[in-house]
Protein chains: 2
Amino acid sequence: MPLKIRVILVEPLYQGNVGSVARAMKNLGYSDLVLVDPCKLDGEACALASHARDLLENARIVDSIQDAIEGVNLVVGTTGMTCSKGDEHIRMPVHTSRQLKDKLNGCSGTIAILFGREDNGFTNDELKQCDMLVTIPTSEEYPIMNLSHAVTIVLYELSDVVPGDIPLGEHFDLELLYEHLAEILNDISYPEHKKNKTHLMFKRIFGRAMLTPREIQTLRGVLTRTQRTIR
Amino acid sequence: MPLKIRVILVEPLYQGNVGSVARAMKNLGYSDLVLVDPCKLDGEACALASHARDLLENARIVDSIQDAIEGVNLVVGTTGMTCSKGDEHIRMPVHTSRQLKDKLNGCSGTIAILFGREDNGFTNDELKQCDMLVTIPTSEEYPIMNLSHAVTIVLYELSDVVPGDIPLGEHFDLELLYEHLAEILNDISYPEHKKNKTHLMFKRIFGRAMLTPREIQTLRGVLTRTQRTIR
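Scoring rules and cut-offs
Residues numbered from 1 in each chain as written. Chains lettered and ligands numbered in written order. Predicted model: local features only at pLDDT ≥ 70, side-chain atom pairs only at ≥ 80, totals over all residues. Heavy atoms only, no water. Helix = DSSP H or I, 4+ residues; strand = E, 2+ residues; numbered from the N terminus. Rg over C-alpha atoms; globule rule 2.2 N^0.38 Å. Buried < 20%, exposed > 50% of the residue type's maximum accessible area, 1.4 Å probe, protein only. Contact = heavy atoms within 4.5 Å. Areas by Shrake-Rupley, 256 points an atom, 1.4 Å probe, with all protein chains shown as cover. Lys, Arg positive; Asp, Glu negative; His and termini not counted. Charge placed at Lys NZ, Arg CZ, Asp CG, Glu CD. Least-squares fit on C-alpha atoms with pLDDT ≥ 70 in both. Buried area = accessible area lost by both parts, 1.4 Å probe. Salt bridge = Lys/Arg side-chain N within 4 Å of Asp/Glu carboxyl O. Polar contact = N/O pair within 3.5 Å; in protein donor to acceptor, adjacent residues only side chain to side chain. Nonpolar A, V, L, I, M, F, W, Y, C, P; charged D, E, K, R; others polar.

(A) Here's a closer look at the overall build of chain A. Counting secondary structure elements, chain A contains 10 helices and eight strands. For 231 residues, the compact-globule formula gives about 17 Å, and the C-alpha radius of gyration of chain A, at 18 Å, lands near that figure. Along the longest, intermediate and shortest principal axes, the C-alpha atoms of chain A span 60 × 40 × 30 Å. By residue count, 54% of the 231 residues in chain A fall in the buried class. Long-range contacts, defined here as pairs at least 24 residues apart, represent 85% of the contacts in chain A between residues at least 6 apart. Summing over all exposed atoms, chain A offers an accessible surface of approximately 10,800 Å²; the carbon and sulfur share of this is 50%. Averaging the coordinates of the 25 positive side-chain charges in chain A and doing the same for the 31 negative ones gives two points 6 Å apart.

Quick look at the structure:
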């Protein structure tokens, strides 16, 4: 299984950006574009897609991130904002685009890379659906990049990943692992006010650990045995 | 002396692209923008520059590449077209954006990076003014990138160059070296029909060799001595 990259734009607001993204994708040799509830796409999107109009026309349009990430192995959210508070697990830790490439070297599977709205990025609930967060190192003076430039940089960085034989577990199975971990927190009467943060920490740790299917299976086996012992 | 990057757009045709370039430059922490005989720049350029309007307004506008590259150490031309004919020195060899970064590691000086017109790139005479040619690896299916995306990729790549103490000679002194080499070709009655190509080959070799001021001086000393001996 090779390494495949899927670009997912979440509710893009400006059709020119969608067209520009399609062009940059084709320039860099990518073709899997999914749009979650996008703006209207007509003349301007086509004009900016230029010779990548086919890619734009073949883009899959869906209603939800859940639909967009179906069947993928890893869900990577891109964010311009990083959080300095160490206890705020939702945005911590954030990897750089280069670190993402280094992590993907040697792996196989389908990687979904999500880009948020031009104005407001992602909601916290959307960020929680990501296995890993990635940011592009930018100037502090003006950190907000144009959407198509951000896509261009991430895809350029990933274009020399050297894929390998390490299979990545499916995001769906990771989700089952996360649910299992939430059950354990209940089983051990973990303090209610800490539950959400600790659960999110689990997601961040196992998300960036790039688990194989076998590892997910073994972890769930440990959790099941733990639950049996507790109960 | 640190490593400084100057972005030079040669006769850009669309003001939206110029604005987008300004934004990407500021995002990535660069500020030295020079425009050679650009299109009209008004509302659209400002809109796309967004919060990099200051950078756009401070861009130096000049009439010629000669003026744009004044005082720089290395002139790098970016090109989407590579030539496979080994005897066509004008476009050979072309380095990738990553190779450019690797070459600049450890160096100091001002590097001018030239980007050509959106439709026709550079003329051959303009390419000859470059010390080194660089291309972005793109898909064969659709290799022509949008101008601002090309600038974004090159600057992103260069943003983690590790500068050092190796000083680069000035482009102006390189030009004097090239003229000196042309004299030598005359002095040795080099076949007229081969002169231009061989001279261009000299430029390509010494251009990509990243000569220090001392090396240029020493080479010119050798050439002067050679001329004296011949004459």
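(B) Highlighting the relation of the copies chain B and chain A. When chain B is fitted to chain A, the best match, at an RMSD of 0.1 Å, comes from turning it 180° and sliding it 0.0 Å along the axis. Such values leave the two copies arranged in the relation of a two-fold axis. Here 100% of the interface residues in chain B have copies in chain A that are interface residues too; the copies meet face to matching face.

(C) Region of interest: the interface of chain B and chain A. Across the boundary between the two partners, chain B contributes 31 residues, which contact 31 residues of chain A. In total, about 2,500 Å² of surface goes out of reach between chain B and chain A, with carbon and sulfur atoms giving 54% of it. When residues of chain B are sorted by the area they lose upon contact with chain A, B:Asn27, B:Tyr142 and B:Tyr156 head the list and together hold 33% of the total. B:Glu141 is paired through a salt bridge with A:Lys26; the nearest N and O atoms lie 3.9 Å apart. At the junction of chain B with chain A, the criterion picks out 24 residue pairs in polar contact (both at pLDDT 80 or more). Mapped by element, the contributors of at least two residues to the side of chain B that touches chain A are helix H1 (15–27), helix H5 (97–104) and helix H7 (147–158) of chain B. Broken down by element, the side of chain B that touches chain A gets its largest block of residues, six residues, from H7(B). Its residues assigned to classes, the side of chain B that touches chain A shows 12 nonpolar, 12 polar and seven charged.

Function-wise, these values are silent; they only describe arrangement.
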